[in-house]
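Each chain is listed here by its residues.
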Amino acid sequence: MPARHAQGTRIRRLPMMFDDRLATVLGSPVGGETAARTQFRQLVDLLGTPGRNTDSPLEARAWARLAELGELIPAEERSRILRDPGLRLRDPRLIGVLAAGDAKPAAAAMAVARLDEAQWRTLIPTLPVMARGFLRHRRDLPQGTRELLRHLGAGDMLLPQPEGATAPSPLAPAPPPPGTVPERDSIRALLRRIEAFREGRRPDAAAGPLDPRLPLGDVAEDEAAPAPPAQFAFTADETGRIGWTDDAVAPLLCGLRLGPAGPGSVAALEDRAVRAMQGRQPLHGAALAIDAAPAITGDWRVDAEPVFAPGGAFTGWRGRLRRPVFLPAPEAPPAPTDTPQDRMRQVLHELRTPVNAIQGFAEIIQQQLFGPAPNEYRAHAAAIAVDAAKLLAGFDEIDRLSKLEAGALELDQGEADLREVVELTVRRMEGVLRSRGAGFAVQGAEERLPTTLDRPELMVLVWRVLASLAGALAPSEVLGAELSIDDSQASLAVDLPGSIARAADPFALPLAEQRPVLSAGMFGPGFTFRLARAEAEAAGGTLAFADDTVTLRLPLLTGC
């Protein structure tokens, strides 16, 4: 009996906790744009959570406040809030309300909504045609849900009937002769239907052919829609969102944002191009995958350059999109669809999602974005955010190793001096190692040792090797390091500290029991050496252990 009472108490407190949170949100004033956006996000988060007390008087106030905020906040901002990875959209009523609003928030809601098959089956027939069009771009819906969307698709393409009108029967009598009043009524009804059709086919809701035709009987059923151009010009704002392009594809492309792959992304750039955009660097042949209307879905290449105002302010991008040209390749056996690397990337994706959400909420608390928080809570939140960042960095290292070992990643090519990078890295470590009397004694190769690697890539590679060795140094231990040219390769040979020299396989060294003075990664020196070896081999070099020495060799840049 006591256990049943305790369980009952716990169940009764859930609505109370929800009402308390809802009352707190509704009691906060909306004094500006930031406060309005914050309250909009909080209400969406609360109303999007299943299992709440829907009969609460507070909920009716929450729905009214949500509608008011929707009129205050621009559609673009609401769309950005709804696409936040930490937001929950699991309530059919909320999803239906958002789907019936402006096009961009509706598209965002359709992209991130999470319902089971039974809930989708109930909700989809009530959704506006435009929202169903957005939903058809989803690839993660249950099979039954996709079948329902296909079944409703034919009806979505018909002209909508004006209010109060019924669909004409095929057995209805012929219309009255021209010049009569009923004919004028029919023309007005037709105009209303055309206007409704245009509303349902606005540019941000388009998902069909580039030049949709009205079903008025003047086009043969087998007439094909015009094919989109293979290339076209465009301009985008500073966030990468396309604002202008050629007329032929403007209804389908305007509003799409070029950015990283992720949940709800419909125009995903390769990682290298994302980094270039963040640094406002030109794009040359960058790979872009679009998952939107059938006419533009697929692979593209982007050539673009940053645009700056006369005063120097960055204003966006201009360039062109083009379909890639693939040369025929010799037949080869089909690649396995479920490789270990594929499974590893899937695992990393599943791990990144909750860690990203935890990091986001920790930063919200630490920065007091939802209101004042005690200093102790802010300190805990800051520590959590740091730990989450370390985890995400570790996931990136695992992903990088997986791609390198599978041959799916190439290092950036360029020109970097191995001697200069090694000396700079050793100087950076001196501040930590000097107090222990430990360090590196670098000698040899007074001349430049230019390698074929880009400088940031070489900096990371040399840091991985030297930091892993430095973390194993005993007090007063100094390692010799020799730079040389060996068989047309730039070479760095470093003595091993005692703890690593005694290991049977340095590539299998475990994580240290105590935190080292210097760490090259969160998974220990063995993993870091393995990652460094994969990077060296991807650059055309080697990393090997022999005779109590580790040697890094990289191709020497010729013609310098």
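Everything that follows concerns the structure shown earlier in this document.
Peer 1: Give me the packing of helix H15 (residues 418–433) against helix H16 (residues 455–470): which residues, what numbers.
Peer 2: Put simply, H15 and H16 touch, their axes get as near as 10 Å, and they point 45° apart. For the element pair H15 / H16, the angle class is oblique. In the packing of H15 onto H16, the handedness of the crossing is right-handed. Of H16, the residues touching H15 (which contributes Leu-418, Glu-420, Val-421, Val-422, Leu-424, Thr-425, Val-426, Arg-428, Met-429 and Leu-433) are Arg-455, Leu-458, Met-459, Val-462, Trp-463, Leu-466, Ala-467 and Ala-470. The class makeup of the residues in the contact of H15 with H16 is 14 nonpolar, one polar and three charged.

Peer 1: So, the pattern of salt bridges: which residues are in play, and what are the values?
Peer 2: Scanning the entire structure with this criterion turns up 28 salt bridges. Among the salt bridges present, the one from Glu-305 reaches Arg-318, with a minimum N-O distance of 3.2 Å. One end of the pair, Glu-305, is in strand E5 (residues 298–308); the other, Arg-318, is in strand E6 (residues 314–322), with 13 residues separating them in the sequence. Accessibility expressed as a relative area gives 38% for Glu-305, which makes it partly exposed. The partly exposed category is assigned to Arg-318, whose relative accessible area is 46%.

Peer 1: A description of the nonpolar core should follow, citing residues and the corresponding values.
Peer 2: In terms of nonpolar packing, the biggest core is built from 48 residues, with Leu-418, Phe-440, Leu-469 and Val-494 touching the most fellow members. The set of elements that each furnish at least two residues to this core consists of helix H14 (375–405), H15, H16, strand E10 (478–486), strand E11 (489–495), helix H18 (524–538), strand E12 (542–546) and strand E13 (549–555). By residue number, the principal contributor to this core is H16, which donates nine residues. Setting aside residues up to four positions removed in sequence, Val-494 forms contacts with Phe-440, Leu-466, Leu-469, Leu-479, Gly-480, Ala-481, Asp-548, Thr-549 and Val-550. Counting residues in hydrophobic clusters, the runner-up holds 44 residues, among them Val-25, Trp-63, Ile-73 and Val-112.

Peer 1: Break down the packing of aromatic side chains for me, citing the residues and quoting the values.
Peer 2: Counted by the stated rule, this structure contains six aromatic pairs. The structure contains a cluster of three or more aromatic residues connected by ring pairs, namely Phe-308, Phe-314 and Trp-317. Taking NZ or CZ as reference, Arg-533 lies 3.9 Å from the ring centre of Phe-507, over its face.

Peer 1: Please set out the side chain of Arg-65 residue by residue, giving values where relevant.
Peer 2: As for its position among the elements, Arg-65 is in helix H3 (residues 57–72). For the buried residue Arg-65, which engages in no salt bridge, the nearest side chain bearing the opposite charge is Glu-68, 4.0 Å off. Engagement of the side chain of Arg-65 in a polar contact is seen with the side chain of Gln-39, the distance being 2.5 Å. Excluding anything up to four places from it in sequence, Arg-65 contacts Leu-26, Ser-28, Val-30, Gln-39 and Leu-43.

Conventions used here
Residues numbered from 1 in each chain as written. Predicted model: local features only at pLDDT ≥ 70, side-chain atom pairs only at ≥ 80, totals over all residues. Heavy atoms only, no water. Axes fitted to C-alpha atoms, helices over the stretch in contact; angles between N-to-C directions. Helix = DSSP H or I, 4+ residues; strand = E, 2+ residues; numbered from the N terminus. Parallel < 35°, antiparallel > 145°, perpendicular 65-115°, else oblique. Left-handed = near helix turned anticlockwise from the far one by under 90°. Contact = heavy atoms within 4.5 Å. Nonpolar A, V, L, I, M, F, W, Y, C, P; charged D, E, K, R; others polar. Salt bridge = Lys/Arg side-chain N within 4 Å of Asp/Glu carboxyl O. Buried < 20%, exposed > 50% of the residue type's maximum accessible area, 1.4 Å probe, protein only. Core = buried A, V, L, I, M, F, W, Y, C linked by side-chain atoms within 4.5 Å. Phe/Tyr/Trp six-rings, centres within 6.5 Å; stacked < 30°, edge-to-face > 60°. Lys NZ or Arg CZ within 6 Å of the ring centre and 35° of its normal. Lys, Arg positive; Asp, Glu negative; His and termini not counted. Polar contact = N/O pair within 3.5 Å; in protein donor to acceptor, adjacent residues only side chain to side chain.

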